[in-house]
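Reading the structure
Letter by letter, the chains look like this.
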Amino acid sequence: MLRTKTARRYLGTGGTFASIAVYFGRGESTVGGIVTETVKVIWEVLEKTFMPIPSTEQWKGIANRFETLWNLPNCIGAIDGKHVRIEKFPNSGSSNFNYKSYHSMVLMACCDADGLFTIIETGFPGINSDGGIFSASAMKYWIQNAGLNIPPPTPLTYDENDSPFPYYFVADEAFPLLKYVMRPYPKRILDNVKRICNYRFSRGRKTIECTFGMACEKFAVLNGPIRIRDPENVNLVIKAACILHNYVRKKEGLQYTPTYSTSCESNNHIDVIPLPQNLTINITSSAAALRNYIANYFLTPQASLPRQWKYAIN
């Protein structure tokens, strides 16, 4: 029981081993050993129950939630990286010094529509970019090699062309545009169609930011700096905090619920509403063509949102 309380206090407060040692009346090295051993056990025991690889049907369920909550069809997750502040590792040079001017390790994570982590990967030096980390990650490898049970392409819900569209993850501008990763259009080339698409992507993309925020609020150790000198043990601390976030959210958290009206609003304030074009895609279509297709889909009467005309059109 004492071991569990010690680890929970460390994860929850992010305090130093010295302060926790004083609190529990134990030696600093004893507390350090307890924490590193316990977080490893937490991850190993809870991983298969609270962060398993989703089945094909579970991915479809996640996609349905993204469409219900955030109006993104065929989206199965939001991906982003979080810089977890650390104390500089011995003899590590500037490898962990990031663009925010502190030392960090990057947590690459994917979440569902309800703020639960579905895939996490840790241990990347903070000097690297999110796009570079994703390109080198096991996450990308298993997506490309059909190791994550992702469903085959299916038509978008209201698509009259009935063209199969791949299931995809939504990410920010730091990530590459791929058939299974949709990112916003660059800001320098925006027109109203692209602004609407970016607005729709941002509705789903914010879920990973909210997930990071909820995890950091519950487990302050993620706010850092983590003062552990062994990178592997830092990884275990980060993974334990993420799996406990899922545990708490599933046991005590509330699912998101739509709080907006789906009724149409007047578009009188808009001079010109962009009209959908007759675009087509097939199995060989490029990622850019797929993004253009879904951007055009967002303009159709069945798939458009009243708010997109108000907030996205310039």
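From a predicted model like this one, the values you see are computed outputs, not experimental measurements.

**Concerning the overall build of the protein**
On a plain count of helices and strands, the protein comes out with 10 helices and seven strands. On C-alpha atoms alone, the protein measures out to a radius of gyration of 22 Å, which is about the 20 Å that the 2.2 N^0.38 rule sets for 314 residues. Based on the C-alpha atoms only, the size of the protein along its principal axes is roughly 70 × 40 × 40 Å. Counting only residues that meet the buried cut, the protein has 51% of its 314 residues in that class. Contacts spanning at least 24 positions in sequence make up 68% of the contacts within the protein whose residues lie at least 6 apart. For the protein, the accessible surface area stands at approximately 15,200 Å², while carbon and sulfur atoms represent 52% of it.

**Quick notes on the nonpolar core**
Formed by 92 residues in total, the largest nonpolar core has its most connected members in Tyr10, Leu11, Phe117, Val221 and Ile226. When neighbours within four sequence positions are excluded, Ile226 is seen to be in contact with Tyr10, Val84, Arg85, Ile86, Glu87, Val221, Val234, Val237 and Ile238.

**Structural notes on the packing of helix H4 (residues 56-70) against helix H7 (residues 192-218)**
Contact geometry for H4 and H7: axes closest at 10 Å, N-to-C directions at 110°. As judged from the angle between their axes, H4 and H7 are roughly perpendicular. Of the two elements, H4 crosses H7, and the hand of that crossing is right-handed. In contact with Phe66, Leu69 and Trp70 of H4, H7 contributes Arg203, Gly204, Lys206 and Thr207.

**Side note on the pattern of salt bridges**
Under the counting rule described, the total for this entry stands at four salt bridges. For Glu37, the salt bridge is made with Arg3, and the minimal N-O distance between the two is 2.3 Å. One end of the pair, Glu37, is in helix H3 (residues 28-50); the other, Arg3, is in helix H1 (residues 2-13), and 34 residues separate them in sequence.

**Focus on the packing of aromatic side chains**
Counting across every chain of the model gives 11 aromatic pairs. Considering the side-chain rings of Phe134 and Phe175, the 5.7 Å spacing of their centres and the 65° angle between planes classify their relative orientation as edge-to-face. A residue pair is termed long-range when its members are at least 10 positions apart, and Phe134 in helix H5 (residues 130-136) and Phe175 in the loop between strand E6 (168-170) and strand E7 (181-182) qualify at 41 residues. By the ring-pair criterion, three or more aromatic residues cluster together here, those being Phe165, Tyr168 and Tyr293. Stacked on the ring of Tyr23, the Lys or Arg Arg9 has its end atom at 3.8 Å from the ring centre. Lying over the aromatic face of Tyr102, Arg85 brings its terminal NZ or CZ to 3.9 Å of the ring centre.

**What about the confidence of the model for the protein?**
Summing up the model confidence of the protein, the mean pLDDT is 89 and the portion of residues at 70 or higher is 95%. Here helix H10 (residues 306-311) stands out as the element of the protein with the lowest mean pLDDT, 80, in contrast to E6, whose mean of 97 is the highest. Confidence drops under pLDDT 50 across residues 262-269; counting only partners more than four residues distant or on other chains, this segment forms eight contacts.

**Thoughts on the environment of Arg3**
Residue Arg3 is classed as partly exposed on the basis of its relative accessible area, which comes to 41%. Spatially, the C-alpha atoms of Arg3 and Val31 are 8.5 Å apart, while their sequence positions differ by 28 residues. In terms of polar contacts, Arg3 uses its side chain to reach the side chain of Glu37, at 2.3 Å.

**What about the state of the cysteines?**
Scanning the model with the defined rule gives zero disulfides in all. Its sulfur unpaired, Cys216 is 8.6 Å from the next cysteine sulfur, which belongs to Cys242.

**Focus on the packing of helix H2 (residues 17-24) against H3**
Interaxial distance between H2 and H3 falls to 8 Å at its minimum, and their mutual angle equals 105°. With respect to H3, the element H2 is oriented roughly perpendicular. On H3, the residues touching Phe17, Ala18, Ile20 and Ala21 of H2 are Glu28, Val31, Gly32 and Val35. Here the residues of the contact of H2 with H3 are counted per class, giving six nonpolar, one polar and one charged.

Thresholds, definitions, all that
Note on numbering: residues in each chain are counted from 1, in written sequence order. The predicted nature of this model means local features are confined to residues of pLDDT at least 70 and side-chain atom pairs, given and counted, to a pLDDT of 80 or more, with totals for whole chains, interfaces and linings taken over all residues. Note that water and hydrogens are dropped before the side-chain values are worked out from all heavy atoms of the structure. Helix and strand assignments follow DSSP, with helices taken as H or I runs no shorter than four residues and strands as E runs no shorter than two, numbered in order from the N terminus. Our radius of gyration looks at C-alpha atoms and nothing else; its globule reference is 2.2 Å times the residue count to the power 0.38. The buried label applies to any residue whose accessible area, calculated with a 1.4 Å probe on protein chains only, is under 20% of its type's maximum; exposed applies above 50%, and partly exposed to all values in between. Between two residues, a contact is recorded if the distance between any of their heavy atoms is within 4.5 Å. For accessible areas, the Shrake-Rupley method is used with a probe of radius 1.4 Å. Any residue's cover is judged against the shown protein chains and nothing else. As used here, the term nonpolar core means buried Ala, Val, Leu, Ile, Met, Phe, Trp, Tyr and Cys residues forming a set that is joined through side-chain atoms within 4.5 Å. Axes here mean lines fitted to C-alpha atoms, for a helix over just the part in contact, with angles spanning 0 to 180 degrees between N-to-C directions. For classification purposes, an angle smaller than 35 degrees is called roughly parallel, one larger than 145 roughly antiparallel, one from 65 to 115 roughly perpendicular, and anything else oblique. The crossing is said to be left-handed when, going from far helix to near helix, the turn is anticlockwise and less than a right angle, and right-handed when the turn is clockwise. Counted as salt bridges are all cases of a side-chain nitrogen of Lys or Arg within 4 Å of a carboxyl oxygen of Asp or Glu. Each Phe, Tyr or Trp ring, with Trp reduced to its six-membered ring, pairs with another whose centre is within 6.5 Å; inter-plane angles below 30 degrees give stacked pairs, above 60 give edge-to-face pairs, and intermediate values give tilted ones. Either the NZ atom of lysine or the CZ atom of arginine qualifies as a charge over a ring when it sits within 6 Å of the ring centre and within 35 degrees of the ring normal. Note on scores: pLDDT gives the predictor's confidence for each residue, bounded by 0 and 100. Any pair of N or O atoms that falls within 3.5 Å is considered a polar contact. Within protein, one atom must be able to donate a hydrogen and the other to accept it, and sequence-neighbouring residues count only if both atoms are side-chain atoms. Pairs of cysteine sulfur atoms within 2.5 Å are what we label disulfides. Residues are grouped as follows: Ala, Val, Leu, Ile, Met, Phe, Trp, Tyr, Cys and Pro are nonpolar; Asp, Glu, Lys and Arg are charged; all remaining types, including Gly, are polar.

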